[in-house]
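Here is what each chain is made of, one letter per residue.
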Amino acid sequence: MQTIYLAGGCFWGLQKFFDQFEGVLETEVGYANGPDAAPSYQEVCADSGHAETVKIVYNEEKMSLEQLLVYYFMVIDPLSVNRQGHDEGIQYRTGVYYTDESQLPTLRAAFDREQEKVGAPLAVALEPLKNFFSAEEYHQKYLDKNPGGYCHVPKHLLNLSADKPEAEN
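**Student:** So what's going on with the overall build of the chain? Residues and values would help.
**Tutor:** Check the secondary structure of the chain and you find 5 helices and 8 strands. Mapped in sequence order, the helices and strands of the chain form the string β-α-β-α-β-α-β-β-β-α-β-β-α. The C-alpha radius of gyration of the chain comes to 15 Å, within 12% of the 15 Å expected for a compact globule of 169 residues. When its C-alpha atoms are laid out on the principal axes, the chain stretches across 40 × 30 × 30 Å. Here the chain holds 169 residues, and 50% of them are scored as buried. Put simply, of all contacts in the chain between residues at least 6 apart along the chain, 77% involve residues at least 24 apart. Counting only carbon and sulfur atoms, one obtains 49% of the accessible surface of the chain, whose full area is about 8100 Å².

**Student:** Outline the packing of aromatic side chains, supporting the account with residue identities and numerical values.
**Tutor:** Counted under the stated rule, the structure contains 10 aromatic pairs. Both rings, one in F21 and one in Y71, keep their centres 4.0 Å apart while their planes meet at 10°; by these two values the pair is stacked. Of this pair, F21 sits in the loop between α1 (11-19) and β2 (24-32) while Y71 sits in helix α3 (residues 65-74), and the two are 50 residues apart along the sequence. Across the pair, exposure class does not vary: F21 and Y71 are buried alike. The rings of F17, F18, F21 and Y71 are connected pair by pair, giving a single aromatic cluster.

**Student:** Outline unusual backbone geometry, listing residues and values.
**Tutor:** Here N33, not a glycine, exhibits a phi torsion of approximately 50°, which is positive. Within the element layout of this structure, N33 appears in the loop between β2 and α2 (41-45). Residue class for N33 comes out buried when judged on its relative accessible area of 7%. In the Ramachandran plot, D47 falls in the positive-phi region, its phi being about 70° despite a non-glycine side chain.

Rules behind the numbers
- Residues numbered from 1 in each chain as written.
- Predicted model: local features only at pLDDT ≥ 70, side-chain atom pairs only at ≥ 80, totals over all residues.
- Heavy atoms only, no water.
- Helix = DSSP H or I, 4+ residues; strand = E, 2+ residues; numbered from the N terminus.
- Rg over C-alpha atoms; globule rule 2.2 N^0.38 Å.
- Buried < 20%, exposed > 50% of the residue type's maximum accessible area, 1.4 Å probe, protein only.
- Contact = heavy atoms within 4.5 Å.
- Areas by Shrake-Rupley, 256 points an atom, 1.4 Å probe, with all protein chains shown as cover.
- Phe/Tyr/Trp six-rings, centres within 6.5 Å; stacked < 30°, edge-to-face > 60°.

Don't take any of this as a statement about function, it's just geometry.
In structure tokens:
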């Protein structure tokens, strides 16, 4: 098992998106890479400095880090600063936070491919995880509990199959 932390706008949609893939064993939404004190959601919304982030535990034999990043870049705007969809603010910034430096070559290669694809420098942080605080229970699996909830991830992408060809692009 491996773990990676992905910030990509509102964490509700990102969690729902990654939960659909067989190699993803566990997801948890929380607040990352802000000050060391555990924030409340209200503090995060008031610019505490934390990013809404999804912790992803995955089986690397079923889902590679490289494939996770292909999916990640599929559902974010990698050029947008502190904004995804209609959500604006520092908590909606994008970032890939790692805890294992052996992941760096794969992460850097994915960032290089995406930058070449979009033709501009990415506004996605690539840095070590400084901290991660679990979000309140009502945020966990929010879109499962509230199917009509807002999500910047297009609904048709919430039902991809990992073996569909369009998921590979």
